[in-house]
Amino acid sequence: MIGVAGIRKVIPQRYPILLLDRVVELVPGERLAALKAVTCSEACYERLDEASVDRDYAYPGTLIVESWAQAAVLLASWENPNPDVLAGKVVLAGSISNVTFGNPVYPGDVLEHRVRLVKVVGETVILEGETVVGDEPVMRLGQFVQTLRPLDALRPAEPAPAGV
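Attention here is on the structure that accompanies the text. Source: prediction; values computed, not measured.

A word on the overall build of the protein
Thought 1: Helix and strand counts for the protein come out as three helices and six strands.
Thought 2: Going from N to C terminus, the protein has its helices and strands arranged as α-β-β-α-β-β-β-β-α.
Thought 3: Seen through its C-alpha atoms, the protein measures out along the principal axes to roughly 60 × 45 × 30 Å.
Thought 4: Taking all 164 residues of the protein together, 34% fall into the buried category.
Thought 5: When contacts within the protein are restricted to residue pairs at least 6 apart in sequence, long-range pairs at least 24 apart make up 63% of them.
Thought 6: Carbon and sulfur atoms form 53% of the exposed surface of the protein, whose accessible area is close to 9600 Å².
Thought 7: For the protein, the centre of its 15 positive side-chain charges and the centre of its 21 negative side-chain charges are spaced 6 Å apart.

A few points about the environment of Asp-56
Thought 1: Position of Asp-56 among the secondary structure elements: in the loop between strand E2 (31-37) and helix H2 (61-77).
Thought 2: When its relative accessible area of 35% is taken as the criterion, Asp-56 is described as partly exposed.
Thought 3: Along the chain, Asp-56 and Tyr-45 lie eleven residues apart, while their C-alpha atoms are 8.5 Å from each other.
Thought 4: Beyond its immediate stretch of four places on either side in the chain, Asp-56 contacts Tyr-45 and Leu-48.

A closer look at the side chain of Thr-131
Thought 1: With respect to the helices, strands and loops of the structure, Thr-131 is situated in strand E5 (residues 124-133).
Thought 2: A residue is classified by how much of its surface remains accessible, and Thr-131, at 0% relative accessible area, is buried.
Thought 3: A polar contact is formed between the side chain of Thr-131 and the side chain of His-113, at a distance of 2.7 Å.
Thought 4: In contact with Thr-131, not counting residues within four places along its chain, are Ile-64, Trp-68, Leu-111, Glu-112, His-113, Glu-136, Pro-137, Val-138 and Met-139.

Comments concerning the sheet that holds strand E3 (residues 89-101)
Thought 1: Overall, antiparallel pairing links the six strands, which are arranged E1-E2-E4-E5-E6-E3 in an open sheet. The open sheet is flanked by strand E1 (22-27) and E3, the only strands paired with a single partner. Between one strand and the next, the sheet's axes are offset by a mean angle of 20°, whatever the strand orientation.
Thought 2: Where E1 meets E2, five bridges bridge the pair, whose relative direction is antiparallel. If you follow Glu-25 over to E2, its bridge partner there is Ala-33.
Thought 3: Against the sheet, H2 makes contact with E1, E2, E3, strand E4 (110-121), E5 and strand E6 (136-150), and its axis sits at roughly 50° relative to E4, the strand it touches most.

So, how was this worked out
- Residues numbered from 1 in each chain as written.
- Predicted model: local features only at pLDDT ≥ 70, side-chain atom pairs only at ≥ 80, totals over all residues.
- Heavy atoms only, no water.
- Helix = DSSP H or I, 4+ residues; strand = E, 2+ residues; numbered from the N terminus.
- Buried < 20%, exposed > 50% of the residue type's maximum accessible area, 1.4 Å probe, protein only.
- Contact = heavy atoms within 4.5 Å.
- Areas by Shrake-Rupley, 256 points an atom, 1.4 Å probe, with all protein chains shown as cover.
- Lys, Arg positive; Asp, Glu negative; His and termini not counted.
- Charge placed at Lys NZ, Arg CZ, Asp CG, Glu CD.
- Polar contact = N/O pair within 3.5 Å; in protein donor to acceptor, adjacent residues only side chain to side chain.
- Pairing = 2+ DSSP bridges.
- Axes fitted to C-alpha atoms, helices over the stretch in contact; angles between N-to-C directions.

Written as structure tokens, this is what we have:
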């Protein structure tokens, strides 16, 4: 089992956007299973008030996708960690396809992200998987493509001097 300290040694996400709590299975270059506990103190619930009903606490699908993607980056980066986004190479999401959602997720649920590495082409990785709560699927993801790019290649070009 790998906790938050181990996760932070591999990927650059930090509070408040680190959305993984623990890795429960890891076969480098093949598959990974990671957990994320949803709590009522998540930032996405801050604006809810006393008039809110239970369905208002459904965890946003975008955050389920982001959390799963962090697990995917963790698997893809495991053997070449990149915990500092300001040095080395930056992970870019190229595409996500065939995302479907199942049952809603609420505070108290524990997401289990299951990620499988499909193919590696140079610095581009193709992954697939799903997220479950217990045995119930809450999200399936057909394909996630990520790639690495040098940080310098992503910096904005220097503006031309005035009057030139």
